[in-house]
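# Breakdown of the fold
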Number of protein chains: 2
Amino acid sequence: MSLIIKPTEIEKKSFEIITQELGERTFPAGQSEVVKRVIHTTADFDYADNLCFSEDAIASAKQALTQGATIVTDTNMALSGINKNILAELGGTARCFMAEPEVARIAKERGVTRAVVSMEYASRMEGNLIFAIGNAPTALIRLHELIQEGVCKPALVVGVPVGFVNVVESKELFLGGSTPYIIARGRKGGSNVAAAIINAIEYQLVKREGF
Amino acid sequence: MSLIIKPTEIEKKSFEIITQELGERTFPAGQSEVVKRVIHTTADFDYADNLCFSEDAIASAKQALTQGATIVTDTNMALSGINKNILAELGGTARCFMAEPEVARIAKERGVTRAVVSMEYASRMEGNLIFAIGNAPTALIRLHELIQEGVCKPALVVGVPVGFVNVVESKELFLGGSTPYIIARGRKGGSNVAAAIINAIEYQLVKREGF
């Protein structure tokens, strides 16, 4: 089997196939790269329909990233999928508080999820904050409350938890709101989708081999 | 919004919804848990159709895991998603060689992917091996060659790379073969799917709160 070709060539060819199969569907500049990278990550064209962007989402995220931003995830898996080399080049960092022993202890004491406590931790951080939530609807719900209370003002909320309970409702909270958002409406999403969205924005800001 | 309930309750309710929506579809014991956990991870019911199991896949993986197995992934993201606490309880470990500097150096010298070199490294390990490939078709292709050459004899190959180039073909290599396999036919899959499949087998072997 003589299939093995350069990773950059594979990625380029993949994006060509995705663009071709999207046919006459077009997306605004900046958003298009996000939609295609999510399809690249999932092979699922449903994301062409379910990804919703606030008008300022891409511009706000790019501004924050070029100034040096902290990206907060709700899983170590999303953290693991984010391109942290390019993020570091841009002067940013990525954090996940889910596995911190203190977060687990406080969550247990209060009878809430670790995701809730993680968001409270993250919301008190200084500087530009971008949230990438691919798993826990409770993270998204608590984050929405913290924004309403004026505790934080994220440059972008990526809200793409996946699942069957609380998920759809948690995402709807952000739609049409004043916080810049990228939301996958419905049940679908995931840590891989959250990471892909962040990477798609990062890649627009740097020279990168391949696509 | 009074949505927040216990994580174990959310998981239980989610599996009830999945079972209900699968309707009259049934799967053999052991496979059913895998199919449902992958749907739980992706909210994508396509996996009810595209997951293919060799007859001995679940039994072989369970035997290896109870004896203490090494799970080899092709991404740090899949490694991150595998429940390593339960794996450790079972006497096993999980490894990913993709970020090893030596792997990168050798891959560059030989003009192959890091995934290829990772598989060569992993195939020389002693003990029970389970491969969880959620990203690189080149990993799956090289692994198939190594098995054909008698270099290793995995207890299970989880072959669920995602994508548009080489992916479908790399998976077809294993279908109907003598190596125990769980393959997601077609383009879909991912590191999250690979981790979910491993976790679904682990959870069958231990008492676990919730589902």
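Rules behind the numbers
Within every chain, residues take consecutive numbers counted from 1 along the sequence as written. Labels are handed out in written order, letters beginning with A for the chains and numbers beginning with 1 for the ligands. Local features are withheld for residues below a pLDDT of 70 in this predicted model, meaning they are given only at 70 or higher, and side-chain atom pairs are given and counted only at 80 or more; totals for whole chains, interfaces and linings count all residues. Side-chain metrics rest on all non-hydrogen atoms present in the structure, leaving aside hydrogens and water. In this analysis, the protein atoms alone were mapped onto a 1 Å grid. Cavities are point sets where a 1.4 Å probe fits without being able to get out; pockets are open sets with protein on both sides within 12 Å along at least five of seven lines; lining residues have an atom within 4 Å of a point. Grid points are joined across faces, edges and corners, and a volume is the space filled by probe spheres set on the points. Counting from the N terminus, the helices are the DSSP runs of H or I reaching at least four residues and the strands are the DSSP runs of E reaching at least two. Nonpolar residues are Ala, Val, Leu, Ile, Met, Phe, Trp, Tyr, Cys and Pro. Charged residues are Asp, Glu, Lys and Arg, and all others, Gly as well, are polar. To get an axis, fit a line to the C-alpha atoms, keeping to the stretch in contact for a helix; angles then go from 0 to 180 degrees between the N-to-C directions. Put simply, angles under 35 degrees are roughly parallel, angles over 145 are roughly antiparallel, angles from 65 to 115 are roughly perpendicular, and the rest are oblique. Crossing handedness: left-handed means the near helix sits turned counterclockwise from the far one by under a right angle, and right-handed means the same turn made clockwise. In what follows, residue pairs with any heavy atoms lying within 4.5 Å of each other are defined as contacts. Reported buried area values correspond to the accessible surface (1.4 Å probe) lost by two parts on association, with both partners' losses combined. One speaks of a salt bridge when a side-chain nitrogen belonging to Lys or Arg is within 4 Å of a carboxyl oxygen belonging to Asp or Glu. In protein, a polar contact requires one atom able to donate a hydrogen and another able to accept it; more generally it is a pair of N or O atoms within 3.5 Å, and residues adjacent in sequence count only if both atoms are side-chain atoms. Multiplying 1.5 Å by the helix residue count minus one yields the expected span of that helix. Relative accessibility decides the category of a residue: with a 1.4 Å probe and only protein chains considered, values under 20% of the type maximum give buried, values over 50% give exposed, and everything between is partly exposed. Here a strand pair is declared whenever DSSP counts at least two bridges between the two strands. Think of it this way: a Phe, Tyr or Trp ring, Trp meaning its six-membered ring, pairs with another when their centres are within 6.5 Å, and the plane angle makes it stacked under 30 degrees, edge-to-face over 60, tilted otherwise. We call a charge positioned over a ring when the NZ of a Lys or the CZ of an Arg lies within 6 Å of the ring centre and within 35 degrees of the ring normal.

### Observations concerning empty space enclosed by the protein
All chains considered together, the criterion is met by 1 cavity of 30 Å³ or more. Approximately 110 Å³ is the volume attributed to the largest cavity. Taken together, 15 residues make up the lining of the largest cavity; nearest its centre are T42 of chain A together with T42, D44, Y47 and N192 of chain B. Secondary-structure elements contributing two or more residues to the lining of the largest cavity are helix 2 (31-42) and helix 11 (191-205) of chain A together with helix 2 (31-42) and helix 11 (191-205) of chain B. Looking at side-chain class alone, the lining of the largest cavity contains 4 nonpolar, 8 polar and 3 charged residues.

### Things to note about the packing of helix 2 of chain A against helix 11 of chain A
Residue and element names in this part refer to chain A. As a packed pair, helix 2 and helix 11 sit with axes 8 Å apart at the nearest point and diverge in direction by 135°. When the interaxial angle is binned, helix 2 and helix 11 end up oblique. As helix 2 runs across helix 11, the sense of the crossing is right-handed. On the side of helix 2, the interface is formed by E33, V34, R37, V38, T41 and T42, while helix 11 contributes N192, V193, A196, I197, N199, A200, I201, Y203 and Q204. Looking at the contact of helix 2 with helix 11, its residues break down into 8 nonpolar, 5 polar and 2 charged.

### A closer look at the interface of chain B and chain A
Many structure descriptions define interface size as the accessible area lost when the parts assemble. Listed as interface residues are 38 residues of chain B and, on the opposing side, 38 residues of chain A. Across the chain B/chain A interface, buried area totals approximately 3,200 Å², and carbon plus sulfur atoms make up 73% of it. Inspection of the region where chain B meets chain A yields 4 salt bridges. A salt bridge links K188 of chain A to D44 of chain B; its shortest N-O distance comes to 3.9 Å. The tally of links between chain B and chain A comes to 7 residue pairs in polar contact (both at pLDDT 80 or more). Elements represented by at least two residues in the side of chain B that touches chain A include exactly helix 1 (7-22), helix 2, helix 5 (76-81), helix 9 (137-148) and helix 11 of chain B. Among the elements that line the side of chain B that touches chain A, the one with the most residues is helix 1 of chain B, at 7 residues.

### Comments concerning helix 1 of chain B
Every α-helix winds through 3.6 residues per turn, so residues three or four apart in the chain are directed the same way. Residues and elements named next belong to chain B. Look at helix 1: 22 Å from first C-alpha to last across 16 residues, which is about the 22 Å you get at 1.5 Å a residue. Along helix 1, the positions that sit buried rather than exposed are T8, I10, E11, S14, F15, I17, I18 and L22. Contact partners of the buried residues in helix 1: helix 2 and helix 3 (47-50).

### Examining the sheet that holds strand 3 (residues 93-96) of chain B
In any sheet, the strands associate via hydrogen bonds between backbone groups, in a parallel or an antiparallel arrangement. Residues and elements named next belong to chain B. An order of 1-6-5-4-2-3 is seen for the 6 strands of this open sheet, with the pairing classed as mixed. The open sheet has two edge strands, strand 1 (51-53) and strand 3, and neither has a second partner. Neighbour to neighbour, the strand axes of the sheet diverge by 15° on average, direction disregarded. Looking at chain direction, strand 2 (residues 69-73) and strand 4 (residues 128-133) are connected through 5 bridges and run parallel. Bridging from a neighbouring strand, T73 pairs with A132 of strand 4.

### Points about the packing of aromatic side chains
Residue and element names in this part refer to chain A. By the definition in use, this model includes 4 aromatic pairs over all chains. Consider the rings of F97 and Y121, whose centres lie 5.8 Å apart with planes at 50°: the pair is tilted. With a gap of 24 residues between them, F97 in the loop between strand 3 (93-96) and helix 7 (101-110) and Y121 in helix 8 (residues 114-123) connect regions that are remote in the sequence. Between R124 and the ring centre of Y121, over which it is positioned, the NZ or CZ distance is 5.6 Å.

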